[in-house]
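Residues per chain are reported as follows:
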Amino acid sequence: IGTSTMTSPTMVPPADVRSLRRSSSSLRTRLVLVVGAFALAILGVLAVLGMRAVSEFVAAKSDERLEDAARRSALLVERVVEERRRESILLAGSPLLVDAARAGNERARALGIAGVPMAELEARFRDQRSLDVDPRVRIFVQSMLQPLGIAEVIVTDEHGHNAVTSDLTSDFVQSDEAWWQRAMRAGMWGPEAVYDESVRQVVGSISVAIREPASTRALGALKISFGMASTDVVLAQASAGSGIVVDLIDQRGDVV
């Protein structure tokens, strides 16, 4: 009796099964790789957006801190400046300084030095560099230096000659100086940060015309050179504990 094996139409040969399995595994691998790459791309985009958002937030906060420090510093410095202006105006109007400027004009007329060339006057007054018209006024202005943080005080007559000074100045005649010309022309000038050759330091200089009460005629000019210690203090206060360094800049862009 002969026998035969019949193959079912639905049965897959073992070799084909292995091939099918390999194809299925490869498909799953490709699918995992594609999905993984897509997920990594999404995560990368989210990370970039998140970092950008964090950076913008931090930058905005930093800008706010800087602006706040700048505003506080400006207000404090302006307060110091306004106080110095008031002190200068009050001092220029004091009877002692008005009398000193008037006495300087009288002494200049008596000595006949009005209109004398500057070089000749500088040589003549090389030692004292002041008319020193009233020792009381000199003692008075010297007594204000330390309490008010003042580096130098100069009182001139109407020709620019030093009538009274708190100390020995670099020049006797001030009529060629910008501060003197501005005070005599405009009534007041400053404060302006300058290097003062007389005191050999950077100061805040304010100049004011000295006038008789209820008069527009200038008898002379007052120059007060304030030290910068008070300004340093308020700048330090404005930035205390913030980690921010505040610099005071003048109109030329120089660090005061």
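In this text the structure is predicted, and so the values were computed from the model without any measurement.

Calculation rules
- Residues numbered from 1 in each chain as written.
- Predicted model: local features only at pLDDT ≥ 70, side-chain atom pairs only at ≥ 80, totals over all residues.
- Heavy atoms only, no water.
- Helix = DSSP H or I, 4+ residues; strand = E, 2+ residues; numbered from the N terminus.
- 1 Å grid on protein atoms, 1.4 Å probe; cavity = no way out; pocket = protein on both sides within 12 Å on 5 of 7 lines; lining within 4 Å.
- Points joined across faces, edges and corners; volume = space filled by probe spheres on them.
- Nonpolar A, V, L, I, M, F, W, Y, C, P; charged D, E, K, R; others polar.
- Salt bridge = Lys/Arg side-chain N within 4 Å of Asp/Glu carboxyl O.
- Pairing = 2+ DSSP bridges.
- Core = buried A, V, L, I, M, F, W, Y, C linked by side-chain atoms within 4.5 Å.
- Buried < 20%, exposed > 50% of the residue type's maximum accessible area, 1.4 Å probe, protein only.
- Axes fitted to C-alpha atoms, helices over the stretch in contact; angles between N-to-C directions.
- Polar contact = N/O pair within 3.5 Å; in protein donor to acceptor, adjacent residues only side chain to side chain.
- Expected span 1.5 Å × (residues − 1).
- Arc of directions from axis to C-beta.

A. Geometry of unusual backbone geometry. Residue Gly190 is joined to Pro191 through a cis peptide bond whose omega torsion reads 5 degrees. The topology assignment puts Pro191 in strand β3 (residues 188-196). Located in the positive-phi region is Arg129, a residue other than glycine, with phi close to 55 degrees. If you check the backbone angles, Ala214 has positive phi at about 60 degrees while not being a glycine. In this fold, Ala214 is placed in the loop between β4 (201-211) and β5 (218-226).

B. Geometry of the layout of surface pockets. Counted as a void, the largest pocket has a volume near 480 Å³. Around the largest pocket sit 23 residues that line it, and Val81, Pro191, Glu192, Ala193 and Leu248 are the ones nearest its centre. Looking at the lining of the largest pocket, the elements that each hand over two or more residues are α1 (14-92), β3, β4 and α6 (229-239). For the lining of the largest pocket, the residue count by class is 12 nonpolar, six polar and five charged. Considered as a void within the structure, the second largest pocket measures approximately 320 Å³ in volume. Lining the second largest pocket we find 19 residues, and of these Glu177, Trp179, Tyr195, Asp196 and Lys223 sit closest to its centre. Within the residue set of the lining of the second largest pocket, elements represented by two or more residues are β1 (150-156), α5 (178-186) and β3. In terms of residues, the lining of the second largest pocket owes the most to one element, β3, which gives five residues. Residues of the lining of the second largest pocket, tallied by class, amount to six nonpolar, five polar and eight charged.

C. A look at the pattern of salt bridges. The final tally for this structure, using the stated rule, is 12 salt bridges. Between Arg84 and Glu87 there is a salt bridge, and its shortest N-O distance comes to 3.2 Å. Of the two residues, Arg84 and Glu87 are both situated in helix α1; the distance of three residues between them amounts to about one turn of the helix. Each of Glu78, Glu82 and Arg85 takes part in a single network of salt bridges with overlapping partners.

D. Representation of the pairing of strand β2 (residues 162-165). In terms of strand pairing, β1 meets β2 through three bridges, oriented antiparallel. Looking across to β2, one finds that Thr156 is bridged to Asn162. The loop that links β1 with its antiparallel partner β2 comprises five residues; one of these, Gly160, has a positive phi angle of about 95 degrees.

E. Summary view of the nonpolar core. Residues Val155 and Leu222 are the most contacted members of the largest nonpolar core, which totals 30 residues. Elements with a contribution of two residues or more to this core: α1, α2 (95-111), α4 (135-148), β1, β2, β4 and β5. Considering every element that reaches this core, the biggest residue donor is α2, with five residues. Residues Val77, Val80, Val81 and Val234 belong to the second largest nonpolar core, which totals seven residues.

F. Molecular detail of the sheet that holds β3. Strand order in the open sheet formed by five strands is β2-β1-β5-β4-β3, and the pairing between neighbours is antiparallel. The sheet is open, and its two borders are formed by β2 and β3, each paired with just one other strand. On average, each strand axis in the sheet is inclined to that of its neighbour by 20 degrees, with strand direction left out of account. As paired strands, β3 and β4 are joined by seven bridges and run antiparallel to one another. Bridge pairing links Glu192 to Ser205 in β4.

G. Quick look at the side chain of Asp250. Relative to the helices and strands, Asp250 resides in the segment after α6. At a separation of 3.0 Å, a polar atom in the side chain of Asp250 contacts the main-chain amide nitrogen of Arg252. Only 2.8 Å separates the side chain of Asp250 from the backbone nitrogen of Asp254, close enough to count as a polar contact.

H. Representation of the pairing of β5. In terms of burial, β5 is largely enclosed, as nine of its nine residues are buried. Sheet topology note: the β4/β5 ladder contains eight bridges and is antiparallel. Pairing of Gly204 across the sheet is with Phe226, part of β5. Two successive antiparallel strands, β4 and β5, enclose a turn made up of six residues, where Ala214 displays a positive phi of approximately 60 degrees.

I. Representation of α2 in the model. With 17 residues, α2 should cover 24 Å at 1.5 Å per step; its first-to-last C-alpha distance of 24 Å lies within 8% of that length. When α2 is considered as a whole, its buried residues turn out to be Leu97, Val98, Ala100, Ala101, Gly104, Asn105 and Ala108. Projection of α2 onto a plane perpendicular to its axis shows the buried side chains occupying an angular sector of 160 degrees, all on one side. In α2, those exposed residues whose orientation departs by more than 90 degrees from the buried face are Pro95, Arg109 and Ala110. Two residues or fewer after α2 comes Gly112, characterised by a positive phi angle close to 65 degrees.

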